[in-house]
Each structure stands twice: as structure tokens, then as C-alpha cells.
Amino acid sequence: MQTRSIVTAPNMKRFFRIVLLLILIVSGVWWVTNRQKAITAEKMAFKPASTYTPVTEPPVLAKDIPLLQQVNREYVRVSQAVIPSVVNVLASRPAQPSVDLDGVPFMLPFPQAPSAPQTPSRPAKPGTKKKSPTLPKEPSVGSGVIISKEGHIITNCHVIKDADDIIVYLHDNRRYKAKLLASDELADVAVLKIEAENLQPLVWGDSSTVQIGEQVFAIGNPFGLSESVSLGIVSAKGRNPSRFTTGANSNSYEDFIQTTAAINPGNSGGALVNIQGELIGINTAIQSTSRGFQGIGFAIPSNLARFAFESLIKSGKVTRGYLGVTIQELSPNDLKFFKLQTEAGALVTEVEPSSPAGKIGLQAGDVIVSFNASPVRDPAELRLAVSQTPVGKEVPIGVMRDGKPLTFTFKVAEMTPDVLSKLDAPAEEPPSGPAMEPLDNFLGALRVEDLTPASRRTHKLKPTVSGVLVTSVEEGSVAEAEGVHPGDVIEQLRIEGQYVSTPVPDVKTFYALARKLKKEQGVLLLLRRGRVTTFVALTPES
């Protein structure tokens with residue numbers, strides 16, 4: 001009988017699989033067991049190299065520095081008292097075109113936050129009507145200060161300018177939609193209103209009493225980091241940074257407090273407070289080459305901010321006083337032409353005939369040295385004093401004319417939009433002119449020509465303007481160094497030693513006077529540039 005084998009190919013494969021599985025299981029159990037033994041052995045073999053003994057006492061004991069301890073507690077106390085009064089302001093506006101940062105001026109209000117990322121649009125379905133594209137929004141992150149229990153908040157105008165929506169976040173995370181009540185770009189102040197309860201407003205401080213060197217705190221929302229506090233000192237007062245970018249005769253109303261307290265983008269509209277927690281300034285701008293804080297920050301003084309705030313609350317606009325003169329700073333070279341001993345005051349370069357100044361008889365060449373019985377330090381101080389004087393009030397004004405003191409009384413008028421539109425008008429490009437007459441003095445560097453109907457149209461000069469047009473200035477000359485430009489109109493000329501300026505109606509008169517000028521003798525020019533007039537002294541000291 002023949003015997004058949006029961007070991008088939010499928011059975012053999014199943015057998016080998018079982019054997020392999022058993023081998024893997026046994027190997028795994030062996031590896032885990034030995035690994036645990038190795039770990040246990042390592043733990044048993046570890047012995048600390050030394051004993052850890054932490055230090056329990058600080059290098060300096062609190063009892064040894066009681067004064068610093070007290071100062072530290074007061075810092076904390078002031079910060080905690082003020083923080084609830086400072087809010088975060090988020091304003092959204094249509095996105096603006098990008099700018100070349102290399103062209104940004106060094107004195108900046110804080111830049112806006114970068115644009116939010118945009119979601120790619122989906123293709124429209126067939127047959128659907130194409131909608132007009134919606135402009136993307138970009139956020140502007142800033143700060144604000146609660147001024148009243150009714151919900152009034154002060155911030156910077158540049159924080160909320162052109163905003164579609166304004167959201168205010170309080171320190172306790174409450175969120176409100178704010179209403180813009182009014183704003184003023186000249187003061188860079190805006191007033192917001194929220195409907196909220198249990199608000200903690202800050203008290204106005206008197207910025208006129210602020211002293212250089214005193215400690216201050218800047219509270220705000222830098223880079224979106226809320227409730228940020230920085231400490232510094234008042235490093236200067238009466239700063240007018242625009243005069244360095246737009247000229248010494250800028251018609252701005254800047255009168256900043258300069259501080260070392262760190263101010264960064266997002267701090268705009270935040271509080272600058274003294275050690276009593278009083279609001280002495282609204283943080284506004286920085287002077288920087290990097291668009292970040294470099295130790296120089298500026299705040300609007302509280303007195304100026306309060307004047308603008310209360311005027312906006314009352315009438316929806318800032319009502320400013322108006323005298324009707326164009327003024328400039330005095331330079332050392334000007335003193336001998338006006339018989340003055342100091343550079344304090346504001347030199348009048350033009351008087352509007354129908355203005356209060358014109359009605360009381362002020363003249364170009366007068367130097368205003370006092371206003372309302374208070375000394376005038378410079379044009380910026382006079383401009384601010386006049387602007388904050390109530391319209392209709394009669395005010396005494398002190399003037400030096402040809403070295404003699406005079407006193408006038410005028411009634412303050414209102415600065416209207418028409419008057420503002422005339423300020424800082426740009427000058428135009430000059431035409432070419434005829435050959436100049438050779439002169440061996442400071443005027444020899446100038447080429448001039450008579451005003452014509454064409455040149456009046458080009459330079460937007462009124463028919464009443466009289467003078468000669470400067471068409472070129474010799475390179476490297478004293479006139480060029482002192483800022484005489486082609487396109488300027490010389491209206492008057494005063495030779496050193498004379499104390500009355502002579503009108504220059506035409507080229508013939510100009511050269512008749514110029515020939516009388518000696519080689520090293522100084523001369524004072526009254527120039528018109530666009531709608532602005534200014535005195536320029538050409539002297540050997542130049």
C-alpha cells in the first residue's frame with residue numbers, strides 16, 4: 001500500500017510564518033527586558049557630583065535701600081493708577097499705496113500697521129454679475145486717553161484719519177465702537193466718544209509748569225502691546241521739529257515736549273504723565289532714522305491739547321486767533337540792521353492790509369517782542385499765543401521799530417480757512433534772465449529782471465507785488481549760502497548803516513542801490529517766495 005504525504009505547500013508556508021512570528025515575539029521580549037535592566041542600572045549607578053544649595057538672600061537687602069524701595073513702590077502706584085485711563089485705538093481705512101521708506105522725513109508721526117493679508121478671490125460663476133472690487137482695509141494701531149466719565153477720548157488726528165471704523169479697547173478687555181466727534185489736523189488732535197460705564201478719566205495737568213529733567217511716564221499701545229509703560233525724563237520743551245524740514249518760518253503750531261520715555265509706533269495718542277499721574281502731554285511723534293525709538297520722542301503739551309479738545313467739543317472746530325502778519329526768526333546777522341541787542345522776538349516780514357495788524361499800523365521790519373504783556377521768545381511762541389487768544393479780545397503788543405519801543409493794542413480776529421490756505425504756498429521754477437551787471441559786492445552774485453505779466457502768472461504774484469525777480473544765484477556765493485533762490489522777488493533793500501528799507505520796484509532801482517554798496521558792507525533783503533516773505537541778511541559774517 002502506498003502512503004500519501006500530508007505536508008503540502010500551503011501547510012509549509014503557514015508553518016514558517018508561525019515560526020517567524022514566535023522568533024519576533026521572543027526577540028521583542030528579550031530587548032524590552034534587557035533595556036529596562038540597563039535603564040535601572042544607569043539609575044542606580046548615577047550619583048550627584050555635588051550638593052545644590054540655592055542662595056536665599058539678594059545681594060542688597062531691602063532694609064539697606066529704603067529710598068529705592070519707596071521710589072519703586074511709587075512707580076508701580078503711578079503706573080497702576082494711570083493704565084485704566086489709556087485705551088487701544090484700532091482704526092481701519094482703505095489701504096494706501098506703498099511708499100519708499102528712503103524718502104520718509106526724519107520727524108514722523110507713527111506709521112500705520114502693515115496691511116492685513118488678502119484672501120485670493122475666487123473666479124465668478126458663469127452668468128453672475130461682476131461686482132465692483134472692494135478696496136482692502138489696513139489697520140492703524142494707536143492709543144487714546146479717557147478724558148471724561150461720559151466717554152470722551154482724545155487721540156491723534158493721524159491715528160484715525162480717513163478711518164471707516166474705529167474700535168476702542170479698554171484695559172479690562174471691554175470693546176466699543178467709537179464715534180469720531182471732531183478732529184483738527186493743525187493740532188493733530190481728534191475727539192472720540194464711546195458709550196460705556198465705569199470709566200476712569202485722567203485729570204489734565206498744566207504743561208506750562210513742566211520742568212526739564214523731571215520724570216515722566218509714557219503709557220500706550222506700542223506695536224499693539226497694550227498697557228505698556230516706559231519711564232524717562234523731559235529732555236526739552238518748545239520743540240518745533242517741522243522747522244527743520246519745512247524751514248524756520250514754518251506756520252505749524254508745534255510746541256512739543258521732548259522726552260526720553262520710550263515711544264514707538266502705536267504710542268500715538270497715548271498719555272505722557274508726571275509723577276502725580278496728571279496728563280501733561282499726548283504722545284505724537286519721534287525723531288528717528290530707523291522708524292523706531294532712538295531716544296527722542298515728542299508729545300503735544302496738555303495745555304495745547306486741552307485747548308484743541310475743548311474747542312472741538314464746544315463747536316466742532318478749533319477757533320484760533322489771528323493777527324495778520326508773516327513772521328520769521330531773527331539771526332545774529334539781522335541785529336545790526338534792526339538796532340537790536342538779542343535775537344528774542346518775531347521779525348515781521350509782511351502785513352496783511354485788512355488784518356488787525358494792518359489796521360493798527362504794523363510794518364514789515366517791525367520786531368514783535370511782547371504779546372499781552374508777556375515776552376515773545378520766537379515766532380512759534382507768538383503764533384501759539386495769538387492762536388489761543390479768544391477772538392474779539394483786545395490785546396497789547398510790544399514792537400521794536402528802528403531800535404525804538406512801541407506799543408499797540410489790537411482786537412484779535414478769527415483764523416479762517418481762507419487765511420490758512422494762503423500759508424506756505426510753494427515757489428515756482430524761475431525763467432532765464434538777462435546778463436547781470438558786474439558788481440564787486442554781495443549783490444554781484446545775483447541776476448535779476450523786472451516783473452512781467454508772464455512772470456507774475458508763473459509765480460502767482462498779485463498785481464500789487466512790486467520788486468525784481470531773481471533769475472540766478474552764483475554758486476558758492478554768500479547769497480546762495482544764506483538761502484537766496486532763483487524765483488525769489490526782492491521787494492526791499494537796506495544797506496548796512498541805514499535803518500529804513502528802500503523799495504526796489506525795478507532793475508534800474510536795484511542796480512542804482514547796489515552800486516552804492518561797498519565790497520564788504522552788509523545788505524538786508526526782503527524777499528518774497530510764493531506768498532511768503534522773509535528777511536535775508538548778506539554780511540561778511542555769513
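Structure: above.
Source: prediction; values computed, not measured.

Caption draft 1: Seen up close, the overall build of the protein chain. A tally of regular secondary structure across the protein chain gives 12 helices and 28 strands. Looking at the protein chain as a whole, 42% of its 542 residues are labelled buried. The long-range share in the protein chain, meaning contacts at least 24 apart out of those at least 6 apart in sequence, stands at 65%. Only carbon and sulfur atoms are counted for the fraction: they give 56% of the accessible area of the protein chain, which is about 30,500 Å².

Caption draft 2: Quick look at the pattern of salt bridges. Going through the model one piece at a time under the given rule, you end up with 15 salt bridges. The shortest N-O distance in the salt bridge between D165 and K177 comes to 3.5 Å. With D165 in strand β5 (residues 165-169) and K177 in strand β6 (residues 175-177), this residue pair connects regions lying 12 residues apart in the sequence. Accessibility expressed as a relative area gives 60% for K177, which makes it exposed. The residue D172 makes a salt bridge to R174 at a minimum N-O spacing of 2.9 Å. When salt bridges with common partners are traced through the structure, they connect E350, E491 and R528 into a single cluster.

Caption draft 3: How the structure looks around the side chain of T534. Topologically, T534 is positioned in strand β28 (residues 532-538). Owing to a relative accessible area of 12%, T534 belongs among the buried residues under this scheme. In this structure the side chain of T534 is engaged in a polar contact, spanning 2.5 Å, whose partner is the side chain of Q328.

Caption draft 4: The nonpolar core, seen in detail. Residues V145, I154 and L279 are the most contacted members of the largest nonpolar core, which totals 35 residues. Secondary structure elements with two or more residues in this core: α2 (66-82), β8 (189-193), β9 (215-220), β12 (271-273), β13 (279-287), β14 (297-301) and α5 (302-315). A per-element tally of this core places α5 first, with 6 residues. In contact with L279, not counting residues within four places along its chain, are V145, I147, L202, V203, W204, G205, A271, L272, V273 and S302. Counting 25 residues, the second largest nonpolar core, distinct from the first, contains F442, V448, V504 and F510.

Cut-off values and rules
Residues numbered from 1 in each chain as written. Predicted model: local features only at pLDDT ≥ 70, side-chain atom pairs only at ≥ 80, totals over all residues. Heavy atoms only, no water. Helix = DSSP H or I, 4+ residues; strand = E, 2+ residues; numbered from the N terminus. Buried < 20%, exposed > 50% of the residue type's maximum accessible area, 1.4 Å probe, protein only. Contact = heavy atoms within 4.5 Å. Areas by Shrake-Rupley, 256 points an atom, 1.4 Å probe, with all protein chains shown as cover. Salt bridge = Lys/Arg side-chain N within 4 Å of Asp/Glu carboxyl O. Polar contact = N/O pair within 3.5 Å; in protein donor to acceptor, adjacent residues only side chain to side chain. Core = buried A, V, L, I, M, F, W, Y, C linked by side-chain atoms within 4.5 Å.

By themselves, these figures tell us nothing about what the structure is for.
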